[in-house]
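Chain by chain, the residues run as shown.
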Amino acid sequence: MRYENYIDGQWCEGADYLTNLNPSDLEDVIGDYAQADVAQTQAAIVAARAAFPAWGDVTPQQRFDVLDGAGSLILARREELGRLLAREEGKALPEAIAEVGRAGQIFKFFAGEALRLSGEILGSVRPGLNVEVTREPLGVVGLITPWNFPIAIPAWKIAPALAYGNTVVFKPAELAPGCAWALIDILVEAGVPKGVVNLVMGRGAVVGQALSESPLIDAISFTGSVQTGQRIAAACLPLRKKLQLEMGGKNPMVVLDDADLDVAVEACINGAFYSTGQRCTASSRLIVTAGIHDRFLAAMLERMERLRIGNALAADVDIGPVVDAAQLRKNQEYLEVARAEGGQVHGGEVLELDTRGFFMRPALVIGTEPHMRVNREEVFGPIASVLKAKDYAEALALANDTEFGLSAGICTRSLSYASHFKRHVQAGMVMINAATAGVDYHVPFGGRKHSSYGPREQGSHAREFYTLVKTTYLNAGLP
Ligand code: ADP
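It should be emphasised that the depicted structure is a prediction, and the values quoted were computed from it without experimental measurement. Each chain has its residues counted from 1, following the order in which its sequence is written. Two thresholds apply to this predicted model, a pLDDT of at least 70 for residue-level local features and 80 or more for giving and counting side-chain atom pairs, whereas whole-chain, interface and lining totals are computed over all residues. Values reported for side chains reflect all heavy atoms of the structure, with hydrogen atoms and water molecules removed beforehand.

What to know about the site of the ligand
When at least one non-hydrogen atom of a residue lies within 4 Å of a molecule or strand, that residue is treated as near it. Residues in close proximity to the ligand total 18 residues, the closest being T145, K171, E174, S225 and T228. In protein, a polar contact means a hydrogen-donor-capable atom and an acceptor-capable atom, both N or O and within 3.5 Å, with residues adjacent in sequence counting only if both atoms are side-chain atoms; elsewhere, any N or O pair within 3.5 Å suffices. At a separation of 3.4 Å, an oxygen atom of the ligand approaches a polar side-chain atom of W147. Here S225 contributes a side-chain N or O atom positioned 2.7 Å from an oxygen atom of the ligand. Using a 1.4 Å probe, the Shrake-Rupley method yields the accessible areas, and only the shown protein chains count as cover for residues. About the coverage of the ligand: the protein hides 81% of its 550 Å² of free accessible area. Judged by the proximity of its atoms to the pocket grid, the ligand belongs to the largest pocket. Only DSSP runs of H or I with at least four residues qualify as helices, and only runs of E with at least two residues qualify as strands; both kinds are numbered from the N terminus onward. Mapped onto the shell around the ligand, the elements with two or more residues apiece are helix 7 (204-213), strand 11 (219-223) and helix 8 (226-236). Class assignment for the residues of the shell around the ligand results in seven nonpolar, eight polar and three charged. Here a cavity denotes a set of grid points, spaced 1 Å apart and computed over the protein atoms alone, in which a 1.4 Å probe fits but from which it cannot get out, and a pocket denotes an open set meeting protein on both sides within 12 Å along at least five of seven lines; residues with an atom within 4 Å of a point are reported as lining. Cavity and pocket membership follows a simple rule, namely that a molecule belongs there if more than half of its atoms are within 2 Å of the grid points. Residues are grouped as follows: nonpolar covers Ala, Val, Leu, Ile, Met, Phe, Trp, Tyr, Cys and Pro; charged covers Asp, Glu, Lys and Arg; every other residue, Gly included, is treated as polar.

Okay, here's the thing in structure tokens:
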């Protein structure tokens, strides 16, 4: 089946089509998805521009109705869309269904936010004046998303964009367009007016680049790799576009001597390997103090033996396939590099299963040193390295020894260490006795250093990006 782009209230043939395959089973074709060219992208931008004045002026009730309706439709189709997500992206079915649920809740949350948007009234320092601080829609936003959360990330960009009165041109990732298409279909069913949301599936270098370079787009929100984020920033800054970039991570999980071993192992297994390690919040560096190091390793390796790797749709699977052949190759190359640099690799084998797919066993690289590439570069696979620290102070220093700063965790029973770590770790999100990945939908998401740029996503903080602030001085003319 062919899936088209959605521009100015119409489903439109693509200039070309790309086949979407199931990474658990390459015989399983999900569909052919339209690929926009630059002309079609421009048409979508013009449509969003034309729709902006009216959508920016509708009542919050009208925005609430569309978003709340979309949220209900997503939640009603949670199982079916979860299967689609697991099929096209490869995360295990329960995680895929949970992600769809989260997307539905995000739409519900931002439906409410449309009604809750408030300003401030202050006295002036000058007599006779009052000051009002209000928020207005930003304009046309270009949304560029990755494949690893193919419904949650589009939801957490589209929902606030619409809630605060903006119009959208949305470019999903090439590898997972199915959920993006279904989401737009749902928004159409929920009554989004023509031109307010436009879907342009296609290549990053074509569609994404055209969005970044268009003077008719006011802002870009992007999630993906550091290199692409930098390219987008370079295109947007000369045009003074507002920017929100969520990029990589090299997230540390510190395990201290006094940690509850079972809690630490579960947090590390989940954080490092669930969703096949393909989360920007994944725990990729496990920093373990000397007193618990050997016990921790033994327990991790034993727990890893029990992980069930297989078809994302199968009932008894914990970890699905890697997303595609290129990522599988990259993961294996990183294991080679880790070995060559002196690390000992446990697991990581490529697996041949009943169906042809991109399966690999999760890998733990032990005996690593901070300078090794596996400790410096984001792999984006089910690979975690272990760094041994002599004490808490060294563990904290290692945790901060990275150019990234998205999420960071610590496992400890000590309130003092937990509190100190919370304050001094250089990350946007801190997890205490919990996995570095797995976040709530109603609170800010984002990082520091090279991980993120611009205001936070999600929760009521999302308004910082999706609105413009206006300060009005009002002289009521009274004596
Ligand atoms: P990933 O490694 O997760 O695929 P990318 O940064 O390559 O990360 O992709 C994230 C998103 O950015 C995708 O939708 C992709 O198509 C898009 N993209 C890739 N190159 C560009 C570009 N030059 N300009 C804008 N978007 C791009």
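Here we look at the sheet that holds strand 5 (residues 25-35)
Only when DSSP finds a minimum of two bridges between them are two strands counted as paired. A sheet is described by the order of its strands in space; here three strands give the open sequence 1-5-4, paired in mixed fashion. Edge positions in the sheet fall to strand 1 (2-3) and strand 4 (16-22), since each has one partner strand and no second. Pairing of strand 1 with strand 5, which is carried by two bridges, proceeds in the parallel orientation. Paired with Y3 across the two strands is Y33, which belongs to strand 5. What makes two residues a contact is simply this: any of their non-hydrogen atoms within 4.5 Å. With axes taken as lines fitted to C-alpha atoms, and helix axes fitted only over the stretch in contact, angles between N-to-C directions fall between 0 and 180 degrees. Packing against the sheet, helix 3 (residues 78-89) makes contact with strand 4 and strand 5, and its axis sits at approximately 100° to strand 5. Against the sheet, helix 6 (residues 177-189) makes contact with strand 1, strand 4 and strand 5, and its axis sits at roughly 50° relative to strand 5, the strand it touches most.

Examining the packing of aromatic side chains
Aromatic ring pairs: the centre-centre distance and the angle between the two ring planes describe each pair. The criterion for an aromatic pair is that two Phe, Tyr or Trp rings (for Trp, the six-membered ring) have centres within 6.5 Å, with stacked assigned to planes under 30 degrees apart, edge-to-face to planes over 60 apart and tilted to the rest. Using the criterion set out here, one finds 11 aromatic pairs in the structure. Ring geometry for Y3 and W181: centres 4.9 Å apart, planes at 75°, overall edge-to-face. In this pair, Y3 is assigned in strand 1 and W181 in helix 6, connecting sequence segments 178 residues apart. Each residue is placed in one exposure class: buried if its accessible area under a 1.4 Å probe, protein chains only, is under 20% of its type's maximum, exposed if it is over 50%, and partly exposed if it falls in between. The exposure class of Y3 is buried, given its relative accessible area of 15%. Each ring, one from W147 and one from F380, has its centre 5.5 Å from the other, and the planes form 85°; the classification is edge-to-face. Here the residue W147 occupies a position in the loop between strand 8 (140-144) and helix 5 (152-163), and F380 occupies one in the loop between helix 12 (373-376) and strand 19 (383-389), the gap between them amounting to 233 residues. Of the residues examined, F380 reaches a relative accessible area of 16% and is grouped as buried. Among the aromatic residues, those joined into a cluster by ring pairs are Y3, Y6, W11, Y33 and W181. Directly above the ring of Y17 sits R2, whose terminal nitrogen or CZ lies 3.9 Å from the centroid. Only lysine NZ and arginine CZ atoms are considered, and such an atom sits over a ring when it is within 6 Å of the ring centre and within 35 degrees of the ring normal. Directly above the ring of F149 sits K91, whose terminal nitrogen or CZ lies 3.7 Å from the centroid.

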